[in-house]
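Now for the letters of each chain:
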Amino acid sequence: MKGDKHYFIGINVPVSIAHQAENWAKELIPFPFKQWTYPDDYHITLQFLGFLDDKKEKLITRLKEVASRHSSFSLQTGQYDVFGAYNKPRVLYVSLRPNDKLMNLQRDIQAVWEELSALYEKRPYRPHITIAKKWGGEAGLLEEQLKQTSIEEQFQVSSFALFEVHPASKPKYKKILSFSLQSQ
């Protein structure tokens, strides 16, 4: 039987960005999203894994190898936006400025997971920080309302982590193991 825990690989978001996003989200709380991300859970997903079963130790070994091949880098946050239509958005998020080092790291991690799991992601990777999910109302968001608001902050990424998902807890993402990138 498959394990009952889900996992993902991600990057922690600095507290300063989480506070800015949380404060802005409080202004939006009347919007009927069914799930608002708990601020301690803000992150950038690199790869969703689901169940790990007997792959966990092999995955950890391979992620250490990936980390040893990548150096730390800076990321820049940007505007708020949505996945889906503005009249019924699936996800409200903070965007990230394009970054080749992030994309290369994500591609290497995805390749490791595809090799170990034989599961292949068809959608292109779009890095973001999820603020809320699952629209539950009639009236939608105004595109202008989102495009005029941003978090313009740069931060250093020196590691990524393996997280375990605990849906009934707050915070619901527990860091299991951190993988340090090489210093620049």
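Per an unreviewed UniProt entry, the chain goes by RNA 2',3'-cyclic phosphodiesterase and derives from Priestia megaterium. Turning to the chain, the UniProt record has this under Sequence similarities (unreviewed entry): "Belongs to the 2H phosphoesterase superfamily. ThpR family." What UniProt states about the chain under its Catalytic activity (unreviewed entry) heading is, verbatim, "a 3'-end 2',3'-cyclophospho-ribonucleotide-RNA + H2O = a 3'-end 2'-phospho-ribonucleotide-RNA + H(+)".

K.L.:
Got a minute to help me understand unusual backbone geometry in this structure?
P.N.:
Glycine aside, the phi torsion of most residues is negative, and most peptide linkages are trans. Omega for the bond connecting Lys 170 with Pro 171 falls within 30 degrees of zero, at -10 degrees, which places this linkage in the cis form. Along the polypeptide, Pro 171 turns up in the loop between β8 (159-165) and β9 (173-180). The backbone of Ala 118 shows a phi angle near 65 degrees, a positive value even though the residue is not glycine. On the secondary structure map, Ala 118 appears in the loop between α3 (100-117) and β6 (128-135).

K.L.:
Would you explain the UniProt feature "active site" (unreviewed entry) in the chain in this entry?
P.N.:
Look at the UniProt record and you will see "active site" (unreviewed entry) annotated at His 43 and His 128. The greatest C-alpha distance among the residues just named is 8.1 Å, despite their covering 86 residues of sequence, which places them together in space. In the annotation above, His 43 and His 128 are the residues that line the largest pocket. Position of His 43 relative to the elements: it lies in strand β3 (residues 43-50). Judged by relative accessible area, which is 13%, His 43 ranks as buried. Non-local contacts of His 43, meaning those with residues more than four positions away in its chain, are made with Phe 8, Ile 11, Val 13, His 128, Ile 129, Thr 130 and Tyr 173.

K.L.:
What am I meant to see in the sheet that holds strand β5 (residues 88-96) here?
P.N.:
Strand pairing in a sheet is mediated by backbone hydrogen bonds. Such pairs are either parallel or antiparallel. One open sheet accounts for five strands, arranged β2-β6-β5-β4-β7; its pairing is antiparallel. The open sheet terminates on both sides in strands that have one partner only, identified here as β2 (33-36) and β7 (154-157). Across the sheet, the axes of successive neighbouring strands diverge by a mean angle of 30 degrees, strand direction being ignored. Strand direction decides the pairing type here: β5 and β6, joined by five bridges, are antiparallel. Pairing of Ser 95 across the sheet is with His 128, part of β6.

K.L.:
Explain the pattern of salt bridges here, please?
P.N.:
A side chain with one charge may pair with a side chain of the opposite charge, provided their charged atoms come close. In this structure the tally under the stated criterion is six salt bridges. In this structure, Arg 69 engages Asp 108 in a salt bridge whose closest nitrogen and oxygen atoms are separated by 3.9 Å. With Arg 69 in the loop between α2 (56-68) and β4 (73-85) and Asp 108 in helix α3, this residue pair connects regions lying 39 residues apart in the sequence. Given a relative accessible area of 26%, Asp 108 falls into the partly exposed group.

Reading the values: rules and limits
- Residues numbered from 1 in each chain as written.
- Predicted model: local features only at pLDDT ≥ 70, side-chain atom pairs only at ≥ 80, totals over all residues.
- Heavy atoms only, no water.
- UniProt positions renumbered as here; feature names shortened; annotations may be inferred.
- Helix = DSSP H or I, 4+ residues; strand = E, 2+ residues; numbered from the N terminus.
- 1 Å grid on protein atoms, 1.4 Å probe; cavity = no way out; pocket = protein on both sides within 12 Å on 5 of 7 lines; lining within 4 Å.
- Buried < 20%, exposed > 50% of the residue type's maximum accessible area, 1.4 Å probe, protein only.
- Contact = heavy atoms within 4.5 Å.
- Pairing = 2+ DSSP bridges.
- Axes fitted to C-alpha atoms, helices over the stretch in contact; angles between N-to-C directions.
- Salt bridge = Lys/Arg side-chain N within 4 Å of Asp/Glu carboxyl O.

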